[in-house]
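A closer look at the structure
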Amino acid sequence: MAARATRLGDTGESAPEHWDAPLGSSDVHVALSVFAPDRAALDSVLAPARQALDALDGVSVIYRLDACQLPTKRTHLGFVDGIGEPDIEGAGVAGILQRTRTGEYGYLPPFGPTIKAGEFLLGCTNQLGQLTEPMPQPGVLARNGTYVAFRKLHLRVGAFRRYLKDNASSAEEEELLAAKMVGRWPSGAPLVLAPEHDDAAIATDPQRANDFNYRQEDPTGLRCPLGSHIRRMNPRDALEDGIVDVRIHRALRRGAPYGPMLPEGQLEDDGVDRGIVFIFMGTDLVRQFEFIKSQWADDGDFAGLGTEKDPLVGNNDGTGTFTIPKRPVRRRLHQLPRFAVTKGGEYLFMPGIRALNWLGDLEDRPDTSRTQHAVK
Ligand code: HEM
């Protein structure tokens, strides 16, 4: 990922030379992500893993980042995340398994056109009617695997709160401005369905939280600005009369906050590292993750917004603007600072379960591939 920094907008303070070591260096060979419902469960998995690692010659843990849900069950900026995900053909599940606001697990139905499995899994047909190339060799390693873009994004929570305060005359207006930037209210209720006020009833209704489009409902962005984060990241049906097929620019996302919360009401950043760890999964990171970041987050042309960038995650430098359509006159915010600073990232290949078994069980490998691929 470090080699692609310019394309990804990782310049200035987000440039690889400022990343946390060893991210972006040639020392990173394998990444392991472990998910657990609580610390005790995590430790019970990590202890034997650590023992197994210690027994391996030439392998050592050179970086670890703990991420976990905040007490608010929201991101550091105060918003619920993890609602919008693609609908994958043949997934055979009712939606995305999510931990709900009340702590149980439940399915959130995906919304939007069904997308071919090959956009997310190697070895399946993609949206273009092909198998996505290149695939790792041999086929047993590639099949049902995918590529991963891992990002560590530091968030300037104090700067975000300060910017809202400086541009609003009341707490309600601050919340509205933040919602206009994101495209959803803090609860997750989408502005298209709840344009005036946050609406927890919509946010917690799995059938409604994600059930909206832009073309008919909000063509000029009076509800959800054309330049808001979610409208940029997934324009849904808004680009249907253009040449862009949104379905080839989707990615599976998982994110979790890291670092302690900035105390409520504090408007200055305190130097503590906090932010979001993201993974984006898809078979073609160039036309999925890189396209979304470079064309939709760091540019405004596709939405008629010129050089305007994503107010939340764009590589703003203090001179940017954010337009909020409004009647009789639009509102334009100025001097947008950079709220998200890249602290590291890696592109990875994620094998499927059969490939992991194949990698782990040397006996099952044909001799030729064992020699060839153990060396590679
Ligand atoms: C600073 C880091 C970021 C924060 C705090 C953040 C926050 C959010 C929030 C609050 C939502 C709304 C919840 C939802 O619809 O699921 C969202 C949606 C989304 N974000 Fe981000 N995000 C960040 C970075 C990114 C980046 C770098 C990308 C891609 C390059 C991205 C892609 C998306 C996508 C695809 C959606 C779903 C949009 C939809 O389907 O309507 N986000 N994000």
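Residues numbered from 1 in each chain as written. Predicted model: local features only at pLDDT ≥ 70, side-chain atom pairs only at ≥ 80, totals over all residues. Heavy atoms only, no water.

Under the convention used in this document: UniProt positions are given in the numbering used here, feature names are shortened, and annotations may be inferred rather than shown by experiment.
You'll find the protein entered in an unreviewed UniProt entry as Dyp-type peroxidase, with Streptomyces hesseae given as the organism. In UniProt, the protein has this text filed under Sequence similarities (unreviewed entry): "Belongs to the DyP-type peroxidase family." Of the protein, the UniProt comment under Cofactor (unreviewed entry) reads exactly: "heme b".

1. Concerning the overall build of the protein
Selection rule: Where helices and strands are cited, they refer to DSSP runs of H or I of at least four residues and of E of at least two residues respectively, numbered from the N terminus. For the radius of gyration, the atoms used are the C-alpha atoms, and the globule rule reads 2.2 Å times the number of residues raised to 0.38. Remark: exposure states derive from per-residue accessible area (1.4 Å probe, protein chains only) relative to the maximum for the residue type, with buried under 20%, exposed over 50%, and partly exposed in between. Note on contacts: a residue pair qualifies if any of its non-hydrogen atoms lie within 4.5 Å across the two residues. All accessible areas in this document rest on Shrake-Rupley with a 1.4 Å probe, and a residue is counted as covered only by the protein chains that are shown. Counting rule applied: Lys, Arg positive; Asp, Glu negative; His and chain ends not counted. Charged side chains are reduced to one point each, which is NZ for Lys, CZ for Arg, CG for Asp and CD for Glu.
On a plain count of helices and strands, the protein comes out with nine helices and ten strands. By the compact-globule yardstick of 21 Å for 376 residues, the protein fits well, its C-alpha radius of gyration being 21 Å. Seen through its principal axes, the protein has C-alpha atoms that stretch 75 × 45 × 40 Å. When the 376 residues of the protein are sorted by exposure, 43% land in the buried category. Considering only contacts in the protein between residues 6 or more positions apart, those separated by 24 or more positions represent 63%. Accessible area of the protein: about 19500 Å², with a carbon and sulfur share of 54%. Across the protein, the centroid of the 44 positively charged side chains sits 2 Å from that of the 51 negatively charged ones.

2. Looking at the pairing of strand 9 (residues 331–336)
How we decide: Here, any two strands with at least 2 DSSP bridges between them count as paired.
Two strands pair when backbone bridges link them, and strand 8 (residues 320–324) and strand 9 are joined in this way by four bridges, in the antiparallel orientation. Directly across from Thr 323, in strand 9, lies its bridge partner Arg 332. Between the antiparallel neighbours strand 8 and strand 9 lie six residues.

3. Structural notes on a nonpolar patch on the surface
The condition that has to hold: Patch definition: residues with relative accessible area over 30% and no salt bridge; like charges joined within 9 Å; nonpolar side chains (Val, Leu, Ile, Met, Phe, Trp, Tyr) joined within 5 Å. Any Lys or Arg side-chain nitrogen found within 4 Å of a carboxyl oxygen on Asp or Glu counts as a salt bridge.
Where nonpolar side chains cluster on the molecular surface, the patch consists of Leu 32, Val 34 and Val 45 and spans about 270 Å² of accessible area. Position of Val 45 relative to the elements: it lies in helix 1 (residues 39–54). For Val 45, a relative accessible area of 42% puts it in the partly exposed group.

4. With respect to the site of the ligand
Note the cut-off: For each residue, the test is whether any non-hydrogen atom lies within 4 Å of the molecule or strand; if one does, the residue is near. Two N or O atoms form a polar contact when they lie within 3.5 Å of each other; inside protein one atom must be a possible hydrogen donor and the other a possible acceptor, and for residues adjacent in sequence the pair counts only when both atoms belong to side chains. Three categories are distinguished: nonpolar for Ala, Val, Leu, Ile, Met, Phe, Trp, Tyr, Cys and Pro, charged for Asp, Glu, Lys and Arg, and polar for the others, with Gly belonging to the last.
The ligand sits among 24 residues. The nearest are Ile 83, Gly 84, His 229, Arg 236 and Arg 253. Here an oxygen atom of the ligand sits 2.6 Å away from a polar atom, N or O, in the main chain of Ile 83. Here Arg 184 contributes a side-chain N or O atom positioned 2.9 Å from an oxygen atom of the ligand. Elements with a minimum of two residues in the shell around the ligand: strand 5 (146–155), helix 6 (229–233), strand 7 (275–282) and helix 7 (286–297). Residue classes in the shell around the ligand are distributed as 15 nonpolar, four polar and five charged.

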